[in-house]
Number of protein chains: 2
Amino acid sequence: MNSKKGIQRFPTPRHNHATCVNTAMHQAEDYCNRTGVRLTQLRRRVLELVWSSHRPVGAYDLLEQLEPKGRKAAPPTVYRSLDFLLEHKLIHRIDSLNAFIGCNQPGHEHDAQFFICKACGEAAELIDPKVERALVKDANQLGFNIEKQTVEIAGLCNRCHQGRKK
Amino acid sequence: MNSKKGIQRFPTPRHNHATCVNTAMHQAEDYCNRTGVRLTQLRRRVLELVWSSHRPVGAYDLLEQLEPKGRKAAPPTVYRSLDFLLEHKLIHRIDSLNAFIGCNQPGHEHDAQFFICKACGEAAELIDPKVERALVKDANQLGFNIEKQTVEIAGLCNRCHQGRKK
DNA sequence: AGAACAATGTAATATCATAACATTACTCAA
DNA sequence: TTGAGTAATGTTATGATATTACATTGTTCT
Ligand SMILES: [Zn+2]
Ligand SMILES: [Zn+2]
Ligand SMILES: [Zn+2]
Ligand SMILES: [Zn+2]
């Protein structure tokens, strides 16, 4: 799904998603090996579930998928894994949806901009320095010290938009 | 609190906040008169409560304040008023905080950028065309049609940041 | 006055998230 | 290798935010 840094295409239905998952899991493993944190079975499982699509997914959705046979997992199970993955920047939280999505520049410390289709749910992650620079400039004028940015753009992806024109 | 369009200062402790409230309430009244929608007692009350500070405030906080004597209001009471105020752009929702804040360009259709201090809770609303342009450009490259932008920057306001330096 | 509609009241429930404490798994020094 | 210390997970309960459904009241317009 990635092209060069800071430029992402919107996920297409035909892309080979197995590659996305594979890359993500390998990057996560590398990161955890490098930094000495533990990518346990549970955390790995949750990360895979988050990466099962390019749609932000809710914690309780993940929770359901964690219990294939009657066994029921409780919320802290998934929230703790999500917290770990967030802490290590392997996933992002989408505040406007109370949902989580895999990060495609893991390890690399960043805040990103998200474009999220209201119809199909797919999301694209971008890092646009122009957006960042504009926000930093505004912050400077306000005397404000930025810690975290939340930029989430809702709308229609190209495909869904085409599909709606009569 | 307003200076010229698109440029806001961060709210200072000494500004005359009564003026902010007054302006907001008059703008709301004007808007409702112009467009023929009803600013009922309840809606007015909720709007005043939202404007009681420059901090985003939660729905349940508002709810408590709505019931000064033992009378207890139920959630739909406040959520319906909030929905009305959102629909008519008299307030904004801050997704990253599940909270609401008065809009200082009401009537004027817009998405804004918010800078929110994690220490004191105060927030500044900006409309920076550079941010918008950068996002629109990104959207175009993605073939994405923007409907709504959520831009919420968390950090420290000048005063709180000063207060922390040793 | 009364029909039609808008707003509000009320009770129940859905959805998202965390606190507190018990248990299990892992690590590493002795 | 064992066991003490720590990290991770399990379990139960609860907190925080938000909506659904239906009853009642208020407003508008004839
Ligand atoms: Zn993919
Ligand atoms: Zn779409
Ligand atoms: Zn003020
Ligand atoms: Zn502050």
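Before any of the text, the structure's been laid out above.
Treat the numbers as computed from the prediction; the structure is a model and nothing was measured.

What counts and what doesn't
- Residues numbered from 1 in each chain as written.
- Chains lettered and ligands numbered in written order.
- Predicted model: local features only at pLDDT ≥ 70, side-chain atom pairs only at ≥ 80, totals over all residues.
- Heavy atoms only, no water.
- Helix = DSSP H or I, 4+ residues; strand = E, 2+ residues; numbered from the N terminus.
- Rg over C-alpha atoms; globule rule 2.2 N^0.38 Å.
- Buried < 20%, exposed > 50% of the residue type's maximum accessible area, 1.4 Å probe, protein only.
- Contact = heavy atoms within 4.5 Å.
- Areas by Shrake-Rupley, 256 points an atom, 1.4 Å probe, with all protein chains shown as cover.
- Lys, Arg positive; Asp, Glu negative; His and termini not counted.
- Charge placed at Lys NZ, Arg CZ, Asp CG, Glu CD.
- Near = heavy atom within 4 Å.
- Polar contact = N/O pair within 3.5 Å; in protein donor to acceptor, adjacent residues only side chain to side chain.
- Donors = N, O, S within 2.8 Å, 3.2 Å for Na, K, Ca; no water.
- Tetrahedral: all angles 85-135°; square planar, octahedral: opposite > 155°, others 65-115°.
- Pairing = 2+ DSSP bridges.
- Axes fitted to C-alpha atoms, helices over the stretch in contact; angles between N-to-C directions.

Asks: Go over the overall build of chain A, please, and point to the residues and values.
Replies: Each helix and strand in chain A was counted, giving six helices and five strands. Secondary structure elements of chain A, listed N to C terminal, follow the sequence α-α-α-α-β-β-β-β-α-β-α. Rg of the C-alpha trace for chain A: 17 Å, near the compact-globule value of 15 Å for 166 residues, within the 12% margin. The principal-axis extents of the C-alpha atoms in chain A amount to approximately 50 × 45 × 30 Å. When the 166 residues of chain A are sorted by exposure, 46% land in the buried category. A separation threshold of at least 6 residues defines the contact pool for chain A, and within that pool the share at least 24 residues apart is 52%. Taken as a whole, chain A presents about 8900 Å² of accessible surface, with 48% of it coming from carbon and sulfur. One finds the centroid of the 25 positive side-chain charges in chain A at a distance of 6 Å from the centroid of its 18 negative side-chain charges.

Asks: Tell me about the protein's contact with DNA strand C, residues and numbers included.
Replies: In the neighbourhood of DNA strand C, 16 residues make up the surrounding shell, with Tyr60, Pro76 and Arg93 of chain A together with Thr40 and Arg80 of chain B lying closest. When the atoms of DNA strand C within 4 Å of the protein are grouped by moiety, sugar and phosphate amount to 48% of the total. In the environment of DNA strand C, a phosphate oxygen lies 2.9 Å from a nitrogen or oxygen atom belonging to the side chain of Tyr79 of chain A. The separation between a base nitrogen of DNA strand C and a polar side-chain atom of Arg80 of chain B is 2.5 Å. When contributions to the surface near DNA strand C are tallied by element, the ones reaching two or more residues are α4 (75-87) of chain A together with α2 (41-50) and α4 (75-87) of chain B. Examining the composition of the surface near DNA strand C, we find that four residues originate from one element, α4 of chain A, more than from any other.

Asks: Before we move on, can you summarise the protein's contact with DNA strand D with the specific residues and values?
Replies: If you check the shell around DNA strand D, you find 16 residues, and the closest are Thr40 and Arg80 of chain A together with Tyr60, Tyr79 and Arg93 of chain B. Atoms of DNA strand D within 4 Å of the protein belong to the sugar or the phosphate in 45% of instances, the rest to bases. Here Thr77 of chain A contributes a side-chain N or O atom positioned 3.5 Å from a phosphate oxygen of DNA strand D. For the surface near DNA strand D, the secondary-structure elements that each account for two or more residues are α2 (41-50) and α4 of chain A together with α4 of chain B.

Asks: Give me the lowdown on the coordination of the zinc ion (ligand 3), citing residues and values where you can.
Replies: All names here are of chain B. The zinc ion (ligand 3) binds to the protein through His15 (NE2), His17 (ND1), Cys20 (SG) and His54 (NE2); the donor distances cover 1.9 to 2.3 Å. With four donor atoms in place around the zinc ion (ligand 3) and angles of 104 to 113° between them, the coordination shape is tetrahedral. For His15, a relative accessible area of 21% puts it in the partly exposed group. Since its relative accessible area comes to 7%, His54 is described here as buried.

Asks: So, the sheet that holds strand β3 (residues 113-117) of chain A: which residues are in play, and what are the values?
Replies: Taken in spatial order, the six strands of this open sheet run β4(A)-β3(A)-β5(A)-β5(B)-β3(B)-β4(B), and their pairing is mixed. Each edge of the open sheet carries a strand with a single partner, namely β4 (123-126) of chain A together with β4 (123-126) of chain B. This sheet shows a mean twist of 15° between the axes of neighbouring strands, independent of strand direction. Looking at chain direction, strand β3 (residues 113-117) of chain B and β4 of chain B are connected through four bridges and run antiparallel. Its bridge partner lying in β4 of chain B, Gln113 of chain B is registered against Leu126 of chain B. The strands touched by helix α5 (residues 129-142) of chain A are β3 and β5 (145-156) of chain A together with β3, β4 and β5 (145-156) of chain B; relative to β5 of chain A, the strand with the most contacts, the crossing angle is about 135°. Contacting β3, β4 and β5 of chain A together with β3 and β5 of chain B, helix α5 (residues 129-142) of chain B crosses the sheet at an angle of about 135° to β5 of chain B.

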